[in-house]
Structure formats: structure tokens, C-alpha cells
Amino acid sequence: MNKSSAYFERSKGVMPGGVNSPARAFSSVDMDPPFIERGEGAYIYDEEGNKYLDFVGSWGPLILGHGDEDVVKGLEEVIKKGTSFGAPTKIEMEMAELMVDSLPNVEMVRMVNSGTEATMSALRLAKAFTGRSKIVKFEGNYHGHSDSLLIKAGSGALTHGVPDSLGVPEEIGRNTLTANYNDLDNLKAIFEANKEEIAAVIIEPVAGNMGVISMTEEFARGLRALTKEHGIILIYDEVMSGFRVSFQGAQSLYPGIAPDLICYGKIIGGGLPVGAFGGRKDIMSMLGPIGPVYQAGTLSGNPLAMRAGFETLNKLGKNPEFYKKLEAMAEKLEQGILQAGERHRIPVTVNRVGAMISLFFTDQSVRDFNGANAADQQRFKTYFKAMLEEGIYLPPSQFEALFLNVQMTEEDLNQAISAIDRVFSELP
Ligand SMILES: *Cc1c(COP(=O)(O)O)cnc(C)c1O
């Protein structure tokens, strides 16, 4: 037995499923996960010393790759002065200023410790602001694991075959209405049937948890117009797309459409645990201590997390060419996948928004959850395992997006593309 499998066995004795987050167990691809020992640039190394080109990037945060020198230097500086005070610090202010200055429609921001906390808190705020208690989410969109959002969710909740978790009380589920992504008629019908009852609509403007699927322009406009008409708060969940699809996130892909609240996470922590929510000042001002909505966190705005996030966003902001490079690489990858598909007669659909990209084993276009679900998941498993053997570390599910980082080179991409070609040639 290799070290990873031995550690996995030991972990399973003391941690449910051997992991702290379900997708890491690789159960969706029927294999034991490698235990990762270290990362460097675009690569990660497991406990055996195997080297993998990393297309997971900690599920999104590591857009600068592993061990970015500015992030590391910043963390070293902070750690010497103390890791946590539970008191206001300058770096929190600088981080908030950087976000407010960089992002459209973010007038004020509050930092939390995960994306889950960000969406959960934004919803509480929307309910308080409107005095209503129902929310609308979209099938296949994932917003973390808080009770009211764990209904028809994407990501790990999909591959585990239990879209609705046990332990989420029915009465909470009743206040979460589920709509079809990119379907305005469906949304209209839901709004009409629940007049004056819906506090908020939460959406991944570029969804990444049912594979990559983005809002159509028409849907985005209709969604904003309808929510305004019904006095409903529109929340963009940009935990994945923020600072990923472009520096200003998915918002900037739909110019002229302003959400009321926006949630962030992943990249804004630069690899440390962070989330944030922000938006309109009149809504954000309802938060304690200046308003009646309670929300708090012992480690919220932690100096290490703030510094890692600050260095990451600062570097991204100063290097707009990073996004051009990421997009060019993703485009090259897309072409490589499509060509391999053609060459070896493997039906494959690639969805890509900027540098967010995912592949579905189907010849149909994929525009919503049902489309994603109709793709060949058995074939994906075979593909995934073969790619891992080729030294390419992909997210272990067809419902997850691939993440590129700025440390990747032309050569890395060529290596990935030839691996895909070899693996496609042998797919049953
Ligand atoms: C990852 C993710 C979350 C949850 O964030 P955590 O930090 O894992 O709690 C929420 N929304 C979206 C869109 C995500 O991709």
C-alpha cells in the first residue's frame, strides 16, 4: 500500500470518510485520493513524490499558483507580529478599501471566513431588509452548505447523489424556491405565485458548480428587471467567479446590470480561509453594530488571511495581462480538447467563460443543470483516472470547473493537451 492509501485508511478511522470536505475523498471517481504534501508554482506533489500539473488550485483560490512570492513574503511579515487579535487592524481596512475601490456595486463589505458564511449572511441581510422570508435559488447552483441553500445544490452535493441533505428541516426547505437556470418564464411564474414573500434571488452569474454555465445576456437583464419590479434583492454569488473570470468578476461581463449584494470567497483569501459579502450601503448598514442584523466572527478579518488576500488582489489588479494570459491558455485548452474529441470520435462539449472551463462528455450543448446531468459520467471517471496517471490533477467531477493559474506555461498546456489526446484515444 502506498503512503496516500495508508494515510487515507488512518484518516477514515478518525474523520468521517477520511476528509474534511466530501469531494476530496474522490468517491465520485471510485478511487483513493493522493495525499498532497506540497505545492510549487503550477504543480503539486503527493506523499509519494508524484508530481501533478494542478488544475484544481485548491478549488479556485490559487490563481497565482502555489507559493506566490508576494503572498509568502506578506504572510511571513504578519506572522512575526502575531496571528490574531480579535481587534480592528489596518490590513482589514486596506483589504476592504481595495475591494470597494476595485469592484463595481460594492459600496461596503464585511469579511467572513468562508463562502458558506458569506451567502448565509447575505441572505439574512436581504430577509431583514425586505421583511420577507422566502428565497429563490437555481437548480445546480452551489452556495455553500447552510441549511436554506442546500436544496438542489451543485458541486459535491450533486456527485453524492443526495442533492437534499438529511438534517435540513422541511420547514426551512419550504422557504427555498428552486428555479431553472436561464429560464425567465419559470422565474416569472415563481414570482407571481409568491408575491411579496420573496426576499432574495441568489445566483452564480457564471455558474461553476454544475460545470461552467453562464447566464445569457437576456436572462441577466430579465432577472434584474423582474427582481426590481417585485422588490426582491438580487444577490450575485461570485465566490468562484470573483477575480476569476476577470478582475471585476462576472459582474463586469454583464455591464449595466447592478446586483444589490455580492458574495466573495476563494481568490480573495489567496489560499487562506476567507469569504466576504458586500453591496449597497443602505443594505449593508443594517448590519451590527450600526444596524439590527447580527453577524460576527472570532477570526473574521484575520490578519494572515487579510494579508494573503490583499497581496493576491493587489497583484492581480496591477497585472491585467494575467487575465489575458489565463484566457489565452484556457482557449488553447478548449481547442485541444475539441480537437482530441474530433480526432478520436469522442463526443465532447466544452463550456468556457474567460479562464473558467469545463468539459462534458456529450454532443449536446449544455445550458442548464439537466444538460449537465445528461452527460456521460461513467466516461468522465475513466478519463479522470487516466489523466491523473498522466500527471494531470483535475477536479474529480464533471460538475466542477478547471482552474488555471498564472504560473502555468505554454509547455504545461502542451503537456496537458497531449495527455488529453492520448487518454481520449484509449477511452472505451
Ligand atoms: C465554493 C463556493 C461556495 C462555498 O464556499 P466555501 O468557502 O466552500 O464555504 C459558495 N458559492 C460558490 C459559487 C462556490 O463556488
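Keep in mind that what you see is a predicted model, and the values were worked out from it rather than measured.

**Side note on the sheet that holds strand 1 (residues 36–40)**
For step 1, the next point in the chain: Spatially, the 4 strands line up as an open sheet ordered 1-2-3-15, and their pairing is mixed. Across the chains shown, the open sheet's two edge strands, defined by having one partner strand only, are strand 1 and strand 15 (392–393).
For step 2, the next point in the chain: With 4 bridges joining them, strand 1 and strand 2 (residues 43–46) adopt antiparallel strand pairing. Residue pairing across strands places G39 opposite I44, the latter belonging to strand 2.

**Description of the nonpolar core**
For step 1, the next point in the chain: The biggest cluster of nonpolar side chains holds 103 residues, and the ones touching the most others in it are F55, M99, I268, Y383 and F424.
For step 2, the next point in the chain: If one sorts the elements of this core by residue count, helix 11 (residues 321–343) sits on top with 8 residues.
For step 3, the next point in the chain: Excluding anything up to four places from it in sequence, Y383 contacts L359, F361, L394, I420, V423, F424 and L427.
For step 4, the next point in the chain: Judged by nonpolar contacts, the second largest core, of 21 residues, contains V112, A122, L123 and I135.

**Focus: the pairing of strand 7 (residues 198–203)**
For step 1, the next point in the chain: Across the 6 residues of strand 7, 6 count as buried, placing the element largely inside the fold.
For step 2, the next point in the chain: As judged from the 3 bridges shared by strand 5 (residues 134–138) and strand 7, these two strands associate in the parallel manner. Its bridge partner lying in strand 7, V136 is registered against V201.
For step 3, the next point in the chain: Sheet topology note: the strand 7/strand 10 (residues 233–237) ladder contains 4 bridges and is parallel. Bridge pairing in strand 10 places A200 opposite I233.

**Looking at the UniProt feature "modified residue: N6-(pyridoxal phosphate)lysine" (unreviewed entry) in the protein**
For step 1, the next point in the chain: Here, the residues flagged by UniProt with the feature "modified residue: N6-(pyridoxal phosphate)lysine" (unreviewed entry) are K266.
For step 2, the next point in the chain: As for its position among the elements, K266 is in the loop between strand 11 (261–264) and strand 12 (275–279).
For step 3, the next point in the chain: Apart from residues no more than four positions distant in its own chain, K266 is found in contact with W59, G60, P61, V239, M240 and V274.

**A closer look at the sheet that holds strand 7**
For step 1, the next point in the chain: An order of 4-12-11-10-7-5-6 is seen for the 7 strands of this open sheet, with the pairing classed as mixed. The open sheet terminates on both sides in strands that have one partner only, identified here as strand 4 (108–112) and strand 6 (176–179). Across the sheet, the mean angle separating the axes of adjacent strands is 20° when strand polarity is ignored.
For step 2, the next point in the chain: As judged from the 3 bridges shared by strand 10 and strand 11, these two strands associate in the parallel manner. Across the sheet, I235 pairs through a bridge with L261, a residue of strand 11.
For step 3, the next point in the chain: Strands strand 5, strand 7 and strand 10 of the sheet are contacted by helix 8 (residues 217–229), whose axis makes an angle of about 165° with strand 7.

How each quantity is defined
- Residues numbered from 1 in each chain as written.
- Predicted model: local features only at pLDDT ≥ 70, side-chain atom pairs only at ≥ 80, totals over all residues.
- Heavy atoms only, no water.
- Pairing = 2+ DSSP bridges.
- Helix = DSSP H or I, 4+ residues; strand = E, 2+ residues; numbered from the N terminus.
- Core = buried A, V, L, I, M, F, W, Y, C linked by side-chain atoms within 4.5 Å.
- Buried < 20%, exposed > 50% of the residue type's maximum accessible area, 1.4 Å probe, protein only.
- Contact = heavy atoms within 4.5 Å.
- UniProt positions renumbered as here; feature names shortened; annotations may be inferred.
- Axes fitted to C-alpha atoms, helices over the stretch in contact; angles between N-to-C directions.

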